[in-house]
Amino acid sequence: MRKRRPSYRLVKINYSYTVEEVARLFGTHRNTVRAWVNGGLPTCDRKRPMLILGRELAAYLKARRTKNKRPCQPGEFYCVRCRAPKRPAGEMADYIPITASQGNLIGICPECGGMIYRRASLAKLPEIERILSITFTEAKRRVSESSLPTVNSDFGRSEKP
Ligand SMILES: [Zn+2]
């Protein structure tokens, strides 16, 4: 039983919807619509009832759909804890090679502070490097490098250097 994804094609772009109307349009719960608003769907004003422009609604659903199809943009890693693609904190990541052509990119989630990973091929790195600054780390060397003091403790690292 696959839930049907709300189609932006149902939305009349020149119409202003209340939360109720949007919920009815997609046969979904009002709380779902409120979650969209919290997730970045713009509303007209703070008055009651809250109004959502059809144009904004269609754009939001369209963007969300693209996002679901491609969970991570080039500079984003998927955070398991946040269940969302995240751009690593400080726009920084370490590249740790696994094979000659494949490796892992490791960063820190700006939201929860957890480690976020992404598999990447060496060939794809130039594309990612346009967005993130990547430190190349050799897997073997990394062990001895862990004895370096932590420069920035803002990420709440608790382990001793
Ligand atoms: Zn996270």
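For clarity, every value in this text was computed on a predicted model and none was experimentally measured. (Residues numbered from 1 in each chain as written. Predicted model: local features only at pLDDT ≥ 70, side-chain atom pairs only at ≥ 80, totals over all residues. Heavy atoms only, no water.)

Trainee: Would you take a moment to explain the overall build of the protein chain for this structure?
Mentor: The secondary structure content of the protein chain amounts to five helices and eight strands. For the protein chain, the succession of helices and strands along the chain, N to C, is β-α-α-β-α-β-β-β-β-β-α-β-α. Here the protein chain, with 161 residues, has 30% of them falling under the buried criterion. Long-range contacts, defined as pairs at least 24 residues apart, comprise 47% of the intrachain contacts of the protein chain with a sequence gap of at least 6. Carbon together with sulfur atoms contributes 51% to the accessible area of the protein chain, which is approximately 11600 Å² in total. (Helix = DSSP H or I, 4+ residues; strand = E, 2+ residues; numbered from the N terminus. Buried < 20%, exposed > 50% of the residue type's maximum accessible area, 1.4 Å probe, protein only. Contact = heavy atoms within 4.5 Å. Areas by Shrake-Rupley, 256 points an atom, 1.4 Å probe, with all protein chains shown as cover.)

Trainee: Hey, could you run me through the coordination of the zinc ion in this one?
Mentor: Reference values for angles at a metal are 109.5 degrees in the four-donor tetrahedral case and 90 or 180 degrees in the six-donor octahedral case. Protein coordination at the zinc ion comes from Cys79 (SG), Cys82 (SG), Cys109 (SG) and Cys112 (SG), with a distance range of 2.3 to 2.4 Å. Classification of the site at the zinc ion as tetrahedral follows from its four donor atoms and the range of 105 to 114° in their angles at the metal. All donors of the zinc ion belong to a single chain; written as a sequence motif, their spacing is C-x2-C-x26-C-x2-C. (Donors = N, O, S within 2.8 Å, 3.2 Å for Na, K, Ca; no water. Tetrahedral: all angles 85-135°; square planar, octahedral: opposite > 155°, others 65-115°.)

Trainee: Would you mind showing me how to read the packing of aromatic side chains here?
Mentor: In this description, a pair of aromatic rings is defined by centroid distance and the angle of the planes. Tallied over the entire structure, the rule returns four aromatic pairs. Relative to Tyr17, the ring of Tyr15 lies with its centre 4.7 Å away and its plane at 65°, an arrangement referred to as edge-to-face. What makes Tyr15 partly exposed here is its relative accessible area of 37%. On the basis of relative accessible area, Tyr17 is assigned to the buried category, the value being 6%. An aromatic cluster is defined as three or more aromatic residues linked by ring pairs; in this entry it consists of Phe26, Trp36 and Tyr60. (Phe/Tyr/Trp six-rings, centres within 6.5 Å; stacked < 30°, edge-to-face > 60°.)

Trainee: Explain the pattern of salt bridges here, please?
Mentor: A side chain of one charge can pair with a side chain of the opposite charge if their charged atoms are brought near each other. The tally for this structure, following the rule as stated, stands at three salt bridges. With a closest N to O distance of 3.4 Å, Lys86 and Glu111 form a salt bridge. On the criterion of sequence distance, the pair formed by Lys86 in strand S4 (residues 84-86) and Glu111 in the loop between strand S6 (102-108) and strand S7 (115-121) is long-range, its members being 25 residues apart. Given the relative accessible area of 15%, Lys86 is considered buried. Here Glu91 and Arg87 are joined by a salt bridge, their closest N and O atoms 3.6 Å apart. According to the relative accessible area criterion, Glu91 is partly exposed, its value standing at 36%. (Salt bridge = Lys/Arg side-chain N within 4 Å of Asp/Glu carboxyl O.)

Read these as layout, nothing more, since geometry by itself doesn't imply function.
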